[in-house]
Amino acid sequence: MEHRYSSHISWTGNLGTGTSGYRSYARTWDISIAGKEPIHCSNDPLLGGDPGKMNPEDLLISSLSACHMLWYLHLASDAGITVMGYEDSPVATGEVLKSGAGRFISATLKPKITVLPGTDIEAATAIHHEIHKVCFIARSVNFPVSYEPEFIVGNRAPD
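Named according to an unreviewed UniProt entry, the protein is OsmC family protein originating from Pantoea piersonii.

Next comes the structure, spelled out in structure tokens:
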């Protein structure tokens, strides 16, 4: 079964003279999808972008992490593992060639997962290695993704 996804990208960086010169325009745009709040974006700050706005690299690593989280919650529920809290601070490594071409070469997801006392931590950890088989985003990237989960045993999510 195929799924279709759509988005609308609108460049917002015309400073009055368009692309008349390399420094005459901003690398900003909005992502809009009907019925959803827009996301204001910019280029990577290393390339002169606005550090206060999301860039494509931020969005990719965030999408990878979110997809992993959603599948983790699903598979944990199926396995009878109760998750009370989940947060992640993923890290991706990229490289830029002399030609200026860049790419991600790896990503590490670092989820902190709160589970109930008595949870089988080994079983909870094993779920991470099953997700790459089903996660839409993880199956679409061409770089290795590793996992460094941390488990917190408690009855509620940390504040």
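Evaluated as defined, the whole model comprises four aromatic pairs. Measuring from ring centre to ring centre gives 5.4 Å for phenylalanine 104 and phenylalanine 143, while their planes differ by 45°; the resulting arrangement is tilted. With a gap of 39 residues between them, phenylalanine 104 in strand E6 (residues 102-109) and phenylalanine 143 in the loop between helix H3 (128-131) and strand E8 (145-147) connect regions that are remote in the sequence. Side by side, phenylalanine 104 and phenylalanine 143 carry an identical accessibility label, which is buried. The cationic tip of arginine 27 hangs over the ring face of tyrosine 22; the distance from NZ or CZ to the ring centre is 4.4 Å.

Right, let's get into the environment of valine 83. Positionally, valine 83 belongs in strand E4 (residues 83-88). Taking the C-alpha atoms as reference, valine 83 lies 31 Å from lysine 53; in sequence the two are 30 residues apart. Non-local contacts of valine 83, meaning those with residues more than four positions away in its chain, are made with Tyr72, Leu73, Ala76, Ile113 and Thr114.

Following the criterion strictly, the structure yields three salt bridges and no others. With a shortest N-O distance of 2.9 Å, glutamate 130 and lysine 133 are connected by a salt bridge. The exposure class of lysine 133 is exposed, given its relative accessible area of 52%.

What counts, and at which threshold
- Residues numbered from 1 in each chain as written.
- Predicted model: local features only at pLDDT ≥ 70, side-chain atom pairs only at ≥ 80, totals over all residues.
- Heavy atoms only, no water.
- Phe/Tyr/Trp six-rings, centres within 6.5 Å; stacked < 30°, edge-to-face > 60°.
- Helix = DSSP H or I, 4+ residues; strand = E, 2+ residues; numbered from the N terminus.
- Buried < 20%, exposed > 50% of the residue type's maximum accessible area, 1.4 Å probe, protein only.
- Lys NZ or Arg CZ within 6 Å of the ring centre and 35° of its normal.
- Contact = heavy atoms within 4.5 Å.
- Salt bridge = Lys/Arg side-chain N within 4 Å of Asp/Glu carboxyl O.

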